[in-house]
Structures are given as C-alpha cells and as structure tokens.
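Summary of structural features
Residue strings, one per chain:
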Amino acid sequence: MSKENAEHVGRHLAMAARLIDEDPALAHEHALAASRRAGRIAIVRETLGITAYATGDFALALRELRTYRRISGKDDQIALMVDSERGIGRSDRALETGRAVDRSALETPVRVALAIAMSGARLDQGDLELALGELEIPELDPDRAFEWSPALFAARAAVLEDLGRADEAAFWAHRAEVAAEALGMDEGGDEEIFIEDTLIDGELLEDAPAQEAAQVDVLEDEPQAEPTVEDEVRELLGEDADEDSSSEA
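Everything numeric here is computed off the predicted structure, so don't read it as measured data.

A word on the overall build of the protein
Scanning the protein from N- to C-terminus turns up 13 helices and two strands. Residue pairs in contact within the protein that sit at least 24 positions apart in sequence constitute 56% of those at least 6 positions apart. Total accessible area on the protein stands at roughly 14,100 Å², and carbon and sulfur atoms take up 47% of it.

Quick notes on the nonpolar core
One finds Leu-152, Phe-153 and Trp-172 to be the most contacted residues of the largest nonpolar core, which totals 20 residues. Of all the secondary structure elements, the ones that give two or more residues to this core are helix H7 (108–124), helix H8 (128–134), helix H9 (149–162) and helix H10 (166–185). Per-element accounting of this core gives the leading share, six residues, to H9. Core analysis: the second largest hydrophobic core is formed by 16 residues, Ala-79, Leu-95, Ala-117 and Met-118 among them.

Some thoughts on the packing of helix H5 (residues 78–87) against helix H6 (residues 91–99)
Close contact between H5 and H6 brings their axes to 7 Å; oriented N to C, the two are set at 165°. For the element pair H5 / H6, the angle class is roughly antiparallel. H6 is crossed by H5, and the crossing has right-handed handedness. For the pair H5 and H6, contact is made by Ile-78, Met-81, Val-82, Glu-85 and Arg-86 and by Arg-93, Ala-94, Thr-97 and Gly-98, respectively. Considered class by class, the residues forming the contact of H5 with H6 number four nonpolar, two polar and three charged.

The rules behind each value
Residues numbered from 1 in each chain as written. Predicted model: local features only at pLDDT ≥ 70, side-chain atom pairs only at ≥ 80, totals over all residues. Heavy atoms only, no water. Helix = DSSP H or I, 4+ residues; strand = E, 2+ residues; numbered from the N terminus. Contact = heavy atoms within 4.5 Å. Areas by Shrake-Rupley, 256 points an atom, 1.4 Å probe, with all protein chains shown as cover. Core = buried A, V, L, I, M, F, W, Y, C linked by side-chain atoms within 4.5 Å. Buried < 20%, exposed > 50% of the residue type's maximum accessible area, 1.4 Å probe, protein only. Axes fitted to C-alpha atoms, helices over the stretch in contact; angles between N-to-C directions. Parallel < 35°, antiparallel > 145°, perpendicular 65-115°, else oblique. Left-handed = near helix turned anticlockwise from the far one by under 90°. Nonpolar A, V, L, I, M, F, W, Y, C, P; charged D, E, K, R; others polar.

Put into structure tokens, the structure is as follows:
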C-alpha cells in the first residue's frame, strides 16, 4: 500500500470522525471512500460500521462490525452490534450476541454500554423487570459520575418510568442531569467526580475530607499525545504491506 493511498485513507477517516455527530451521512461517505482504498484494515471497517449505524443502516453496521471484530480480535464495539441486531428487529439475536462475550474482559465504558444495549433488547421483548436487571451493575452508583454515568442513569430512569415507579425514575433522571453537569465542568474526561447534594444547589463543600478531595483532583501530569488517526492508519497499512511482501517472497 502506497504512502499516498495511506494519506488518502487517513484523511477520509479523520473527516468521518469529525462529521459523525453533525452530518452522519457525509461521515458515512468518507468511511465508504476509505473502505474502497483499504478494506482489509480493522479501523476502516470499524469506522464504516459506526457510520452505518449512525445513518440507520443496521444490517451494514452489523456486517462491518463483525468484520472489524474478526480482523482485530476486539469486542469493543459489542454494544453497537447488539443495538444493530435490535435495529433489524432481532432482539433474541441481540441478547445472544451480548451474552456471548466475557463481560469481565471488557473495558468499563464498553461493559456499561453493553448493559444499556442489553436492557434495550429486554425492553423490545416487553420484559421490564429483566430490562431493569440488566442495568444492575457495579457502575450504577448515584454518588459518583464517570463519562458513562449519565447514559446509565438515564437508562435506569426510563425503565423505572415504564414500570410505573415514578419517584425512583425522577431520582435517577435527576442524577443523570447532575452527572452530566458535573462532567461538563471537568475537562479531565474520565476523572471520577463525587455528586454531592450541595453540588446540585450550585455550591461545593468547603470541609470535604482530604481523601475525597484527592479523588476529584485532576491529574497534574500531562498525558502523552495519542497517535492521530492518520498515524494509526499509516502504521496499519505499513504492517499490511510488510505482510504482503513477506508472502510474495
């Protein structure tokens, strides 16, 4: 694979990532263009699957995310795979897909996203209590907020509302709002934040214990710069080219 082609692929992937929220259809076009140039690269198939999901083409999303998993050996898009099965009306297959992975081996954000997707599949089948049970995971702590907490709290609130447990639903909906606000104030991204009643009122505790305060401090050490999409694509394409050369020899 030539350097010029790698650069084209990198630009298409970068544009897809940039446009996915504001213009999913255009992001999908960029992902398709990248796939035509480098269809054997995992990140390309992953991007195509994500943009297909964003545009509502769940059959294509499922196909591409399966291919991504086969190439990469990773389960980090398992929640989208479950949701894609739901999108094409196969809630049974969605539950089977989710149960087939070892949740303990998943990173926390992926595990939480999977719990939410599995809960949705239970809702599709009308099993409200089982839908609530899917959300009973260790990360469901109303007094702490991570990047995944607002969605998890909101999902629980929605199921409780369907169950007619209005007071509990209102509590979790409120915690979701507070968590989102708290995380919006924290530019650290994945720093843990304790949600206190005084924070709800717009005030901060002045006599918070030192141990608790230490847990909400932003790390002073600057993180190492992550590789860009273009860098990752070039690296992958380079490895792919080396494999082709060795096979020809």
